[in-house]
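# Topology and contacts: notes
So you can see what is in the structure, the chains are spelled out below.
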Amino acid sequence: MKKLLWIVLVVVMLLAVSCSVLTLGKQPQPFPPGSSSEAALLPGSLEVQRYEQAFIDDSRPTDANGDYPGAATRTLEGLVWHPATNAAGPYPLIVYSHGFSSTREGGAYLAEQLASLGYVVVSVNYPLTNMSAPGGPNVRDVMNQPADVSFLIDTLLAQSTTPGHALEGMIDRTRIGVTGISLGGMTTTLVAYHPELRDKRIGAALSIAGPSAVFTETFFSNAQIPFMMLAGDIDALVPYSTNAAPVLDKIPGSQLVSVKGASHTAFAGTAGALRWMSNPDAIGCYMVNRNIGDASDEPWYDLIGTEAQGIDHNAVNELCLMDPLPEAINALRQQMITAVVVSNFFQSVFAPTAAQREEADAYLSEVMAAELPEVSYQRTGMR
């Protein structure tokens, strides 16, 4: 009996050590002590609360998908982060969109940071592109996601005017932004610029490694709002040279933040455990190729819009052609960089005072690249 107890104790200790190594091991290099970047990474002064809600749009159906027969409504399983008090409100609203075969949790680290600075942030599982979508994730349902974003904006604005609701008085309807990773970046771009699907209430858009090769200069002429692309230069899923780099020539006033050695997959917060890998895109490519099916080979961009609207129907799909995959930076370091970029971009547009907006803009354009060696910053007209 004593021997058995000793074996159990040893096993428990080994498991504890293993969990500790996985949780605490291979930590990223910190930002320079005393730097503006270190300060920008700290949470804001506001306590953050969150709640879950199933947002149900009964005005639009969910399409049939594989063996899934579809539904009469679109159900968006959501999370909302917000400051604990509206004493300093009302606050800007940010809608985060997840990537293909991902979930609402991928942007949780960004939502926590933004909410602590004075933002309301909503993230949902889109009905047919999330990891557990009935019938399997379907990339083509991205065409329905801009309307999902508009529905979320409608719903949260209504909650902000509802007496007794957790968001009562929280949201400033004149300060609304959108962001997202990968296919969520594409959703962000569509809802910000599409001639028919765009939501005119959106005042700023940030695409994180979002596909943009399909969009021409004509497409981006439909709106004049602050736009930023954040991307890694070794992205194996959405190649940098054809998606991120061209935005400066397509979008007047646009900004591009490039991260040397950043993979595609590690932008999602749930990829933090993949810091042990040489390149997290090995997993990302496996998951996407497993789920995307024929959509990776058959043309479908006509579903998004016409060529006259600025949709390039002949855009080439370069998904996961990079071989071998180069060494990537620590996934947690990449997320640290992403957090300060995202928060400062929205602060440069939506912060309540001109001084705060100017400080955030100066950090992005003048300070960030000097403090973080992986990062470079460009703005239209600035080479």
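Residues numbered from 1 in each chain as written. Predicted model: local features only at pLDDT ≥ 70, side-chain atom pairs only at ≥ 80, totals over all residues. Heavy atoms only, no water.

### Considerations on the confidence of the model for the protein chain
Let me state the cut-off plainly: pLDDT runs from 0 to 100 and stands for how confident the predictor is about each residue. Note on definitions: a residue-residue contact is assigned when non-hydrogen atoms from the two residues lie within 4.5 Å.
Summary statistics for the protein chain give a mean pLDDT of 93 and a share of 92% for residues scoring 70 or more. Across residues 8–23 the pLDDT falls below 50, and counting only partners more than four positions away or on other chains, this stretch makes five contacts in the model.

### Brief notes about the packing of aromatic side chains
Keep this limit in mind: To pair, rings of Phe, Tyr and Trp, with the six-membered ring standing in for Trp, must have centres within 6.5 Å; the planes then decide the type, stacked if under 30 degrees apart, edge-to-face if over 60, and tilted in the middle. We count a stretch as a helix when DSSP gives it H or I for four or more residues in a row; a strand needs E for two or more, and each element gets its number in order from the N terminus. Only protein chains enter the area calculation, which uses a 1.4 Å probe; residues under 20% of their type maximum are buried, those over 50% are exposed, and those in between are partly exposed.
Taken as a whole, this structure holds 10 aromatic pairs when the rule is applied. Between Tyr 193 and Phe 220, the ring centres sit 5.0 Å apart and the planes meet at 75°, which makes this aromatic pair edge-to-face. Residue Tyr 193 is found in helix α5 (residues 183–193), and its partner Phe 220 is found in the loop between β6 (204–208) and β7 (227–232); the two are separated by 27 residues along the sequence. Overall, the relative accessible area of 2% leaves Phe 220 in the buried class. Chaining the aromatic ring pairs together yields one cluster made of Tyr 193, Phe 215, Phe 219, Phe 220 and Phe 227.

### Side note on the pairing of strand β2 (residues 74–83)
Side-chain positions along a regular strand alternate between the two faces of the sheet. Stated precisely, the cut-off is as follows: Strands are treated as partners if at least two bridges between them are detected by DSSP.
Here β2 lies mainly inside the structure; eight of its 10 residues are buried. Direction of pairing for strand β1 (residues 48–57) relative to β2: antiparallel, over a ladder of 10 bridges. Counterpart to Tyr 51 in the pairing with β2 is Val 80. Here five bridges tie β2 to strand β4 (residues 120–125), and the two strands are oriented antiparallel to one another. Looking across to β4, one finds that Leu 79 is bridged to Ser 123.

### A look at the pairing of β7
With six of its six residues buried, β7 lies for the most part within the structure. Neither face of β7 is left uncovered, since the one carrying Phe 227, Met 229 and Ala 231 and the one carrying Met 228, Leu 230 and Gly 232 both have all their residues buried. Alignment of β6 against β7, held across four bridges, turns out to be parallel. Its bridge partner lying in β7, Ile 208 is registered against Leu 230. Sheet topology places β7 next to strand β8 (residues 255–259); five bridges connect them, and they run parallel. Residue pairing across strands places Met 228 opposite Gln 255, the latter belonging to β8.

### Regarding empty space enclosed by the protein
Definition in use: Within this scheme a cavity is a closed region of a 1 Å grid, computed over the protein atoms alone, that accommodates a 1.4 Å probe without allowing it to escape, whereas a pocket is open but has protein on both sides within 12 Å along at least five of seven lines; lining residues each have an atom within 4 Å of a point. Grid points are joined across faces, edges and corners, and a volume is the space filled by probe spheres set on the points. Note on residue categories: nonpolar means Ala, Val, Leu, Ile, Met, Phe, Trp, Tyr, Cys or Pro, charged means Asp, Glu, Lys or Arg, and polar means any other residue, Gly included.
Scanning the model with the defined rule gives three cavities of 30 Å³ or more in all. In this structure, the largest cavity occupies an estimated 390 Å³ of space. Lining of the largest cavity is provided by 24 residues; of these, Pro 211, Leu 237, Val 238, Tyr 301 and Asn 317 occupy positions nearest its centre. When residues of the lining of the largest cavity are traced back to their parent elements, those giving at least two are α5, α6 (240–243) and α8 (281–292). Within the lining of the largest cavity, the residues separate by chemical class into 18 nonpolar, five polar and one charged.

### A short note on unusual backbone geometry
For the bond running from Gly 89 to Pro 90, omega is 5°, close enough to zero to count as cis. By secondary structure assignment, the location of Pro 90 is in the loop between β2 and β3 (91–97). That bond from Asp 323 to Pro 324 is cis: its omega, 0°, falls within 30 degrees of zero. Tracing the sequence through the fold places Pro 324 in the loop between α8 and α9 (331–350). Unlike most non-glycine residues, Ser 101 shows phi in positive territory, near 60°. Summarising the element assignment, Ser 101 is placed in the loop between β3 and α3 (108–117). The class of Ser 101 is buried, set by a relative accessible area of 7%. Residue Ser 182 is not a glycine yet carries a positive backbone phi of 60°. Checked against the element boundaries, Ser 182 lands in the loop between β5 (171–181) and α5.

### Here we look at the layout of surface pockets
When its volume is computed, the largest pocket comes out at roughly 590 Å³. As for the largest pocket, its lining consists of 27 residues, and the residues nearest its centre are Leu 117, Asn 344, Gln 347, Gln 356 and Glu 359. At the level of elements, α2 (36–41), β3, α3, α9 and α10 (354–371) are the ones that each hand at least two residues to the lining of the largest pocket. Around the second largest pocket, the lining comprises 21 residues; the ones closest to its centre are Phe 100, Ser 101, Ser 102, Thr 265 and Ala 268. Of the residues forming the lining of the second largest pocket, the biggest block, four residues, is contributed by α8. Within the lining of the second largest pocket, the residues separate by chemical class into 12 nonpolar, nine polar and no charged.

### What about the state of the cysteines?
Defined as follows: Two cysteine sulfurs form what is called a disulfide whenever their separation falls within 2.5 Å.
Evaluated as defined, the whole model comprises one disulfide. Between the sulfur atoms of Cys 285 and its disulfide partner Cys 320 the distance amounts to 2.1 Å. Judged by the torsion about the S-S bond (-95°), the Cys 285/Cys 320 disulfide is left-handed. A residue pair is termed long-range when its members are at least 10 positions apart, and Cys 285 in helix α8 and Cys 320 in the loop between α8 and α9 qualify at 35 residues.

### Here's the deal with the packing of α9 against α10
To keep it simple, the criterion reads: Note on method: axes are straight lines fitted to C-alpha atoms, helices fitted across the in-contact stretch only, with angles between N-to-C directions ranging 0 to 180 degrees. In these notes the angle categories are as follows: under 35 degrees is roughly parallel, over 145 is roughly antiparallel, 65 to 115 is roughly perpendicular, and the rest is oblique. Definitions for this section: a left-handed crossing has its near helix turned counterclockwise from the far helix by less than a right angle. A right-handed crossing has that turn clockwise.
Between α9 and α10, whose axes approach to 7 Å, the crossing angle comes to 140°. With respect to each other, α9 and α10 are oriented oblique. Remark: the crossing between α9 and α10 carries left-handed chirality. In this structure, α9 uses Val 340, Val 341, Asn 344, Phe 345, Gln 347, Ser 348, Val 349 and Phe 350 to contact α10, whose residues at the interface are Gln 356, Arg 357, Ala 360, Asp 361, Tyr 363, Leu 364 and Met 368. In terms of residue class, the contact of α9 with α10 is made up of nine nonpolar, four polar and two charged.

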